There are 2 protein chains.
Amino acid sequence: MAHWLVKELTDLGATDIELKELGIQEDTKDLQLPPIVVARYGNDPAKKNILIYGHYDVQPAQLEDGWNTDPFTLVEKDDALYGRGATDDKGPVICWLNILQAHNELKLDIPVNLVFCFEGMEESGSLGLEGLIEKEKDAYFKGVDAVCISDNYWLGTKHPVLTYGVRGCNYYSITIEGPAADLHSGLFGGVVHEPMIDLSHLFAKLVSPSGEILIPGIQEMVATLTPEEDALYDNINFDLEGFEGNIGSKTIIHDNVKSALQARWRYPSLSIHGVEGAFYSPGAKTVIPAKVIGKFSIRTVPDIESAKLDQIVIKYVEEEFAKLGSKNKLKAELIHDGNYWVSNPHNWSFRAAARATKKVWGVDPDYTREGGSIPITLSFQDILKTSVILLPVGRGDDGAHSTNEKINVPNYIEGTKTLGSYLHYLAEEEKDA
Amino acid sequence: MAHWLVKELTDLGATDIELKELGIQEDTKDLQLPPIVVARYGNDPAKKNILIYGHYDVQPAQLEDGWNTDPFTLVEKDDALYGRGATDDKGPVICWLNILQAHNELKLDIPVNLVFCFEGMEESGSLGLEGLIEKEKDAYFKGVDAVCISDNYWLGTKHPVLTYGVRGCNYYSITIEGPAADLHSGLFGGVVHEPMIDLSHLFAKLVSPSGEILIPGIQEMVATLTPEEDALYDNINFDLEGFEGNIGSKTIIHDNVKSALQARWRYPSLSIHGVEGAFYSPGAKTVIPAKVIGKFSIRTVPDIESAKLDQIVIKYVEEEFAKLGSKNKLKAELIHDGNYWVSNPHNWSFRAAARATKKVWGVDPDYTREGGSIPITLSFQDILKTSVILLPVGRGDDGAHSTNEKINVPNYIEGTKTLGSYLHYLAEEEKDA
C-alpha cells in the first residue's frame, strides 16, 4: 500500500515524496513497521500549509466473519462500495488523491500548500507516528498551519458533520495461565483451576451489562458535565430509532438521545472484545483451555490520565484475581493506548470546513464528537502546536471495523468535493490569533 | 477411515463386514453421518461372543493450537507416537487389528468370537450408535456375552488399571445476540448492550473459580457418598505431585488424593470451553462482537437425571440473564448429552482383564473410574443386557483432546498383549450368574 501511494502521488505531481522508515517494532525480533508516506503538493511561501493525514492500513477481515463478498475485493452494489477500508480509511485517502487529479485535469490552482502524511499502523496504535511528528516538527512538517484528518463518520446517515473531539482508547489484555497444555474436561474438570473460568469471573468484574464500569477510580477522573456543555447536546439532530435501525437491533442502553450521545462522546466505556486461546469454532469441543488471553479496552475522555488509568486497571484486575483464590497465573497489561482529544469547533479551520459543507451539501454541519479514538489527532495538535479538524466523508452506518464495510457513492463523490472546497475556503479564512 | 478399516478387517480375515449407514444428521439438510463399521472374527457357537468397541473419529486439531508437529502425521519421538488420535482412539483400534494379525501370523486360535463395532461420531455424542445397537440387538449383536471398550487411560503413567465407571457429559451453548453486525467499540461502546459482556456475567454465574457449580439443584441430585464407597479411595495408588507433573502446573484445586479423585470420578463438574463469535486472534481488535455463543459442559454422575439437569440449567441461565437487564436476545440449549455409567468391578469380564494385566504387566490392576464420558458404555450395557469393561491402553498424560496427543510405545505394545490375553482369559472365566 505504501508503494502504491508513492506511485499515485508521483503520477499526480506530488514532490518530496519519501517513505519514512520506522524500524523494528518494539519487543519483536524482526517485525518491520510499515513506513509512513510523506509528500508535498505546492510549495508557495505565500500560501498556508495544510497537513493532510490518512492511513492505508485496515482492520483484519475474513469472509467467514460474515462478509457477503470478499472483503479485499471492492464491490459496487446499491450505490455503495463494499470492501475492507472502503470508509476506514482507504476511501478518504483516495478522496484526497482525486482532489489532486481533479485540479490537475481542470488546471486549477490549489490555494494552499499540502503536506501529506499517510501511515500504516493506525489500527495498531499508530506505532512510530508520534515519534515521526516529533522528529519532523521543525523539518518536513515545519510551518504547518492546520491539520485535516478525514478518518471518522457522520453521526447518522443523512447530515454532514464536523468533529471536534474524540475519545481515547487504552487496550488491555488479561493472560491467565494454568496447565502446560489444553486438558480434556472429562479427565480434569473439577480437578484443576480452569483459566477460562477465572477469566470469566474477571470479565464480570470489569463492567455491568448496562455499561457501567465497575473499576473504582475511573468515573472520578471524568470532567464534570457543566450546564453549558450539557446544553450543547440539546441541538443535535439525531434519533434513537434511526440509530437502532443502523445497528439492526433495539439494544441501545439509553432511552434518550442526550444520554446516548453523552455516553458515546464524553463518558468512558469498557468493551470486552474476546478471548485468545479458548475454543472458538462451531461445534462442541470438550477442552479445558490451558492459557487464555482476555481482551478488553476502555474508551477515555477528559480528564482521565492514561498512565493513572493503566495503574488503576491493572491493580484492580490483580486484586480481583487474588480474591478468586485460583492457583493459575495472571498477567494484566496494556497492549496499546491513545489519548482523547477535544478542540474549539469555531476556529478558522472549522469555519472553512463549515463553508465547504454548506457549499457542497447545502446545509450547515452538525458539530459532533466521536466515540472512536484517533489518538494522533492529539499528537498533531500538541507537537505541531496547530489546530486539527476531523472532516468525515463516510456515514454512521458504514460498518468500520465490522463486516460488510462500505462507503456510499454520494458520500465518496460529495465528500471529495467537500474536502477540496475546504482547501479553497482555508485560503480565504483568516487564521485565529 | 471407515473404508480403511473395512480394507484392514478384510485383509485380516474378518467376515460379515458391513458399513452401517446412519442417514442424515438431524437438524441438518444433507450432512451424512459417518457409517459404523461392524465385522466378525470367528463364528463358533461353542465360544463366547465378545463385542469390541472403538471409534475412528478424533477431536479437531490444528498445528497452531500449539502442536510441535503436524497433528495428522504420526511422528515417533522419545519412545512415543505423536498425532491426533494416537491414544483416543485410533491407537487402541489398531491394537485390536494387531491382535488379529498376530494370531493369523502365529496360526493361533482366538478362543472367543469377536464382534467389532467401530464408530465415527464418538467425539460428537455418538450420534446414531444407540439406535444401531437397539436395531441390531437381536440381529448383528445377538448373543453378545460381554463388551470390551479400550477408549480411556491409566490413572497415572505407571500402573495399569481397569475402569468400572465413567461420568456423563451434558454440553450446552448460550447464544447471545445483539446488533445485526459487529460494531466498532469506539463508536458504540457504552451505547449498546454488548453480548460478550452479558455472556461474561452468565459464565461467572455458572461455576466458582474453585470448581463449585453455582447452579442450584445439581448437587442435590448426586448420590450420597457412603463410608464403604469413601473407603475405596483409600487404596488407590496415586500422588498429586505426579498428577501436577502430568499437567505441567501446580493448579490442582484439592490438597489430597481422595478429594481430587472423588472430584474427578464421583462428583459433577462444570467447564467453560470458549466463545464462538468473539475476537480470538492475537492482536487488539476493537470490536463489539454482535453475536456470541458460549460453550460449557457439565460432567454428570449417579444419580443426576439428564433431562432434569437440562431443565435446571437452561432455566437457571434464562433467569440469570433476565436479572442482567440486557436488551440482547438469549438462547440456552443442550448441544449433546451422554449419561454416566457404573459397573461391578469384580464380574467375570473384569476378572479376565485382571488376569491379563497381571500376566503382561506383572502387577494387579488398580480399579478406577473415569472423569471423561463414554456414554455408549451405558447403551451397550442396557440394550444388550451385558457386562461392559473399560480396558485402557494409554497413560494418563497422553493428552487426549489436547495438543501433542501421544501414546507411549511400551503402552502400545504391552497394551496390545493385554487386550489379546484378555480374550484368552475370557474363554476360561465362568460367566457370573
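Preceding block: the structure.
Below or above, wherever it landed, is the structure these notes cover. These numbers were taken from a predicted model, which means no experiment stands behind them.

1. Some points on the relation of the copies chain A and chain B
Move 1: Each copy superposes on the other: chain A lies on chain B with an RMSD of 0.1 Å after a rotation of 180 degrees and an axial shift of 0.0 Å. The transformation relating the two chain copies, once decomposed into turn and shift, fits a two-fold axis. Judged by C-alpha distance, Ser200(A) is the residue of chain A that lies nearest the rotation axis, at 2.7 Å.
Move 2: Here 100% of the contact residues of chain A are again contact residues in chain B; the copies associate through an equivalent surface.

2. Remarks on helix α11 (residues 376-384) of chain B
Residues and elements named next belong to chain B.
Move 1: The element α11 is largely enclosed, with a buried count of 7 among its 9 residues.
Move 2: Of the positions making up α11, those classed as buried are Ile376, Thr377, Leu378, Ser379, Phe380, Ile383 and Leu384.
Move 3: Taken together, the buried residues of α11 touch β3 (49-55), β6 (113-119), α3 (129-136), β7 (146-149), β15 (341-342) and β17 (387-390).
Move 4: Downstream of α11 by a residue or two, Lys385 has a phi angle that is positive, lying close to 50 degrees.

3. Here's the deal with the side chain of Glu405(A)
Residues and elements named next belong to chain A.
Move 1: One can find Glu405 in the loop between β17 (387-390) and β18 (406-408).
Move 2: Polar contacts involving the side chain of Glu405 include one to the main-chain amide nitrogen of Gly85, which spans 3.0 Å.
Move 3: Within polar-contact distance, the side chain of Glu405 engages the backbone nitrogen of Asp88 at 2.9 Å.
Move 4: The residues touching Glu405, leaving out its near neighbours within four places in the chain, are Trp67, Leu81, Tyr82, Gly83, Arg84, Gly85, Ala86, Thr87, Asp88, Asp398, Gly399 and Ala400.

4. Comments concerning the sheet that holds strand β13 (residues 291-300) of chain A
All names here are of chain A.
Move 1: One open sheet holds the 4 strands; their spatial order is β11-β13-β9-β14, and the pairing between them is antiparallel. The outermost strands of the open sheet, each flanked by one partner alone, are β11 (269-276) and β14 (329-338). Between one strand and the next, the sheet's axes are offset by a mean angle of 20 degrees, whatever the strand orientation.
Move 2: In the sheet, strand β9 (residues 168-177) pairs with β13 via 10 bridges, with the strands oriented antiparallel. Bridging from a neighbouring strand, Gly168 pairs with Thr300 of β13.
Move 3: Against the sheet, helix α9 (residues 306-324) engages β9, β13 and β14, with an angle of about 160 degrees to β14.

5. Section: the sheet that holds strand β13 (residues 291-300) of chain B
Two pairing modes exist for strands in a sheet, parallel and antiparallel, and in both the strands are linked by backbone hydrogen bonds.
All names here are of chain B.
Move 1: Ordered in space as β11-β13-β9-β14, the 4 strands form an open sheet in which the pairing is antiparallel. Both outer strands of the open sheet, β11 (269-276) and β14 (329-338), are each paired with one neighbouring strand and no more. Within the sheet, the average angular offset between the axes of one strand and its neighbour, ignoring direction, is 20 degrees.
Move 2: Alignment of β11 against β13, held across 7 bridges, turns out to be antiparallel. Across the sheet, Ser271 pairs through a bridge with Ser297, a residue of β13.
Move 3: Docked against the sheet, helix α5 (residues 195-206) engages β9 (168-177), β11, β13 and β14, running at close to 150 degrees with respect to β9.

6. Details of the interface of chain A and chain B
Move 1: Counting residues at the interface gives 85 residues for chain A, matched by 86 residues for chain B.
Move 2: Carbon and sulfur atoms supply 56% of the area that chain A and chain B bury against each other, a total of about 7200 Å² over both sides.
Move 3: The interface formed by chain A and chain B holds 0 salt bridges in total.
Move 4: If you look at where chain A meets chain B, you find 48 residue pairs in polar contact (both at pLDDT 80 or more).
Move 5: For the side of chain A that touches chain B, the element with the highest residue contribution is β11(A), accounting for 8 residues.
Move 6: Split into classes, the residues belonging to the side of chain A that touches chain B amount to 38 nonpolar, 33 polar and 14 charged.

7. Brief notes about the packing of aromatic side chains
Move 1: Counted according to the given criterion, the structure contains 17 aromatic pairs over all chains.
Move 2: Seen in terms of ring centroids, Tyr280(A) and Tyr280(B) are 3.5 Å apart; in terms of plane orientation they differ by 5 degrees. Their pairing is stacked. Highlighted residues: Tyr280(A) in the loop between β11 and β12 (287-288) and Tyr280(B) in the loop between β11 and β12 (287-288), drawn from two different chains.
Move 3: Among the residues examined, Tyr280(B) registers a relative accessible area of 28% and is labelled partly exposed.
Move 4: The rings of Phe188(A), Phe238(B) and Phe243(B) are connected pair by pair, giving a single aromatic cluster.

8. So, the pattern of salt bridges
Residues and elements named next belong to chain B.
Move 1: This structure, assessed with the given rule, holds 50 salt bridges over all chains.
Move 2: The shortest N-O distance in the salt bridge between Lys20 and Glu18 comes to 2.8 Å.
Move 3: Accessibility expressed as a relative area gives 31% for Glu18, which makes it partly exposed.
Move 4: Two residues, Lys47 and Asp109, come together in a salt bridge whose shortest N-O distance is 3.0 Å. Taken together, the positions of Lys47 in the loop between β2 (36-41) and β3 and Asp109 in the loop between α2 (90-105) and β6 put the pair 62 residues apart, joining distant regions of the chain.
Move 5: The class of Asp109 is partly exposed, set by a relative accessible area of 49%.

What counts and what doesn't
- Residues numbered from 1 in each chain as written.
- Chains lettered and ligands numbered in written order.
- Predicted model: local features only at pLDDT ≥ 70, side-chain atom pairs only at ≥ 80, totals over all residues.
- Heavy atoms only, no water.
- Least-squares fit on C-alpha atoms with pLDDT ≥ 70 in both.
- Contact = heavy atoms within 4.5 Å.
- Buried < 20%, exposed > 50% of the residue type's maximum accessible area, 1.4 Å probe, protein only.
- Helix = DSSP H or I, 4+ residues; strand = E, 2+ residues; numbered from the N terminus.
- Polar contact = N/O pair within 3.5 Å; in protein donor to acceptor, adjacent residues only side chain to side chain.
- Pairing = 2+ DSSP bridges.
- Axes fitted to C-alpha atoms, helices over the stretch in contact; angles between N-to-C directions.
- Buried area = accessible area lost by both parts, 1.4 Å probe.
- Salt bridge = Lys/Arg side-chain N within 4 Å of Asp/Glu carboxyl O.
- Nonpolar A, V, L, I, M, F, W, Y, C, P; charged D, E, K, R; others polar.
- Phe/Tyr/Trp six-rings, centres within 6.5 Å; stacked < 30°, edge-to-face > 60°.

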